[in-house]
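What the coordinates show
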Amino acid sequence: MDPTAGGGQLSTDTHRVVALGFGLTLAAVVFIAQALLVEPTRERERRAALRELAALADPVAFDNDPFAAVQDLSTRAPLPGLNATLVQAMPLRAGGRQVGVVVDARARGYVDDVVLRVAFATEGRVLGTQVLTQRETAGLGRRLVESNWLAQFDARTPHSEDPRWRVRRDGGEVDQLTGATTTSRAALHALLLAASVELTDATP
Amino acid sequence: MRRRPTPSGWTTTVFAMAPLCMLSDSALTGLVVAFIATSTLLVSLPLSKLVAARWSALRLPGTSLMVAATWVSVLDLLLHWMAPELRGALGPYAPLAVGSFALLVATGREHDPIAEPSRAALAVPLITGVLRELLGTGRLLGDLGLITPEGGNGWILFPSAPLPLFTLPAGTLLILALLLLAPAVAPRGAPVADNNNT
């Protein structure tokens, strides 16, 4: 660099130090902001996730932290006839007694995997269902999220061996979303597989 | 004859905002993106000018970019803390604003380094956000649930989604293409279309 650049008063070394110092100052600003915000952000997200879980399991109330007792089920062998895989399970407890279980399961949809979260009461009744991730087509498969199609399973007890628990296209009695049979089948298979998880499976 | 614009004025401005506009598929997210882009310009350009006047060593093009990157990073952290759902809807790419910033500064430098790019950074994401939500879902501000627990469905202007295509990133390009045509049909005073220069 030309030492006379910048008015000729500063040497090249001073230039380098100033530029470096400026860069480090800006990096420090980001670092400090991150250090200050990372814990509050995590705490907020944890509380939001708990609220969401409480809404899913409603009316069953729990007082434990299910996210602290997550059990990995991804190595489980899939059930025959169901095109889905388990992800994880979390126990819901109230006063130390198990009152339910929340199971995540994934199945291949039309575009990509659909991941479903289902809350079950102790006797296997569905308390609520929630789509965790999906990339289905807007206006077709995405109605899985936008319509209340999944709500039809609330308060029912799924049986994967029962042939009526299949979409109509497969000879069952569950109405598929119009124009989105693949998505509906994926969600139903994920739900049926989730229902196969025994209550004790979620106990560490 | 009308004043000739900077070589790629309006076109480059619209293109510069394209990646950011793809992140926002609603009026609300469009507003957030517009704020990120505009505030980046309004903060980093004066600030880098200020430090360059004080320390000659910082008379570098990279200075404003470094300030912009810092600003966007801090904004992203703040957004993550204040509205995690909203930030989730934007995805992890909000800091892309730095790239748009570089292009906007490069194109607006000649006669007007701040005002014109800032106006574009404010208007383009807002227009695309509103149009994408309106055409794609038939409503406006239907995603207020991202920032308030009550949420609601917003204003339903069409009972069913007229053109779901606009909820996809590709819908953004259609709207941007229409915005590119705007100068050709706009009355006098608007920026002149680029093909006048060829």
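Up top you'll find the structure we're talking about.
Just so it is clear, the model here is predicted, and its values are computed rather than measured.

1. Describing the overall build of chain B
When helices and strands are counted, chain B shows seven helices and two strands. The buried share among the 198 residues of chain B stands at 44%. Partitioning the intrachain contacts of chain B with sequence separation of at least 6 by distance along the chain shows that 74% fall at a separation of at least 24. Taken as a whole, chain B presents about 10000 Å² of accessible surface, with 70% of it coming from carbon and sulfur.

2. A short note on the pairing of strand β5 (residues 126-133) of chain A
All names here are of chain A. With six of eight residues buried, β5 lies mostly within the body of the structure. Of the pairings in the sheet, the one linking strand β4 (residues 113-121) to β5 comprises six bridges and is antiparallel in character. Its bridge partner lying in β5, R117 is registered against Q130. What sits between the antiparallel neighbours β4 and β5 is a turn of four residues, in which G124 has the positive phi angle 95°.

3. Describing the packing of helix α6 (residues 115-137) of chain B against helix α7 (residues 169-185) of chain B
Residues and elements named next belong to chain B. Where α6 contacts α7, the axes come no closer than 10 Å and their chain directions differ by 120°. With respect to α7, the element α6 is oriented oblique. Crossing hand, α6 versus α7: right-handed. Along the contact surface, α6 presents V124, I127, T128, L131 and R132, while α7 presents P169, T172, I175, L176 and L179. Partitioned by chemical class, the residues of the contact of α6 with α7 number seven nonpolar, two polar and one charged.

4. Some details on the nonpolar core
By size, the foremost hydrophobic cluster in this structure holds 33 residues, and its most contacted members are V103, L144, W149, L150, F153, L188 and L191 of chain A. Broken down by secondary-structure element, the contributors of at least two residues to this core are β2 (84-94), β3 (97-108), β4, β5 and α3 (181-195) of chain A. Take this core: its biggest share by element is eight residues, from α3 of chain A. If sequence neighbours within four positions are ignored, V103 of chain A has contacts with L86, Q88, A89, L116, R117, V118, F120, A194 and V197 of chain A. If you look at the next biggest cluster of nonpolar residues, it comprises 32 residues, including M17, L23, L41 and A121 of chain B.

5. What to know about unusual backbone geometry
All names here are of chain A. Here D58 and P59 are connected by a cis peptide whose omega angle stands at 10°. Along the chain, the position of P59 falls in the loop between α1 (12-57) and β1 (71-72). Of note, the phi angle at A155 is positive, near 70°, even though the residue is not glycine. Structurally, the position occupied by A155 is in the loop between α2 (143-146) and α3.

6. Regarding α3 of chain A
All names here are of chain A. For α3, spanning 15 residues, the distance from its first C-alpha to its last is 21 Å, which sits close to the expected 21 Å at 1.5 Å a residue. Across the 15 residues of α3, twelve count as buried, placing the element largely inside the fold. Along α3, the residues classified as buried are T181, T183, S184, A186, A187, L188, H189, A190, L191, L192, L193 and A194. Close packing links the buried residues of α3 with β2, β3, β4, β5 and α2.

7. Some points on the environment of P91 of chain A
All names here are of chain A. Positionally, P91 belongs in strand β2. Classification of P91 as buried rests on a relative accessible area of 0%. Each C-alpha atom of the pair P91 and F120 lies 9.7 Å from the other, and the pair is 29 residues apart in sequence.

8. Focus on the side chain of S39 of chain B
Its place among the elements puts S39 of chain B in helix α2 (residues 27-54). What S39 of chain B contacts, discounting residues up to four positions off in sequence, is S44, W71 and L75 of chain B.

9. Concerning the interface of chain A and chain B
In this complex, chain A contributes 19 residues to the contact, which on the side of chain B involves 22 residues. Buried surface at the junction of chain A and chain B, summed over both partners, amounts to about 1800 Å²; 77% is from carbon and sulfur atoms. On the chain A side of the contact with chain B, F22, L37 and R44 of chain A bury the most area, a combined 30% of that side's loss. The tally of links between chain A and chain B comes to three residue pairs in polar contact (both at pLDDT 80 or more).

Cut-offs applied
- Starting afresh in each chain, residues are numbered from 1 along the sequence in its written order.
- Each chain is given a letter, starting from A, and each ligand a number, starting from 1, according to the order in which they appear as written.
- Per-residue local features of the predicted model are confined to residues with pLDDT of at least 70, and side-chain atom pairs are confined, for both listing and counting, to 80 or more; whole-chain, interface and lining totals are unaffected and use all residues.
- In computing side-chain properties, one takes all heavy atoms of the structure into account and sets aside hydrogens as well as water.
- Counting from the N terminus, the helices are DSSP H or I runs at least four residues long and the strands are E runs at least two residues long.
- For every residue, the accessible area obtained with a 1.4 Å probe (protein chains only) is divided by the maximum for its type, and the residue is called buried under 20%, exposed over 50%, and partly exposed between those limits.
- Any two residues whose heavy atoms approach within 4.5 Å are treated as being in contact.
- For the accessible areas, the method is Shrake-Rupley and the probe is 1.4 Å, while residue cover comes only from the protein chains on display.
- A strand pair is defined by DSSP finding two or more bridges across the two strands.
- Helix axes are fitted to C-alpha atoms over the stretch in contact, other axes to C-alpha atoms as well, and angles between N-to-C directions run from 0 to 180 degrees.
- Angle categories: roughly parallel below 35 degrees, roughly antiparallel above 145, roughly perpendicular from 65 to 115, and oblique for all the rest.
- It is the rotation of the near helix from the far one that decides the hand of a crossing: anticlockwise by less than a right angle makes it left-handed, clockwise makes it right-handed.
- Residue type decides the class: Asp, Glu, Lys and Arg count as charged, Ala, Val, Leu, Ile, Met, Phe, Trp, Tyr, Cys and Pro as nonpolar, and the leftover types, Gly among them, as polar.
- For the purposes of this section, nonpolar cores are sets of buried Ala, Val, Leu, Ile, Met, Phe, Trp, Tyr and Cys residues that join through side-chain atoms within 4.5 Å.
- Expected helix span is given by 1.5 Å per residue-to-residue step, counting one fewer step than there are residues.
- Here the quantity called buried area is the total loss of accessible area, with a 1.4 Å probe, experienced by two parts when brought into contact, counted for both.
- We define a polar contact as two N or O atoms separated by no more than 3.5 Å, with the added condition that, inside protein, one atom must be a possible hydrogen donor and the other a possible acceptor, whereas residues neighbouring each other in sequence contribute only through side-chain atom pairs.

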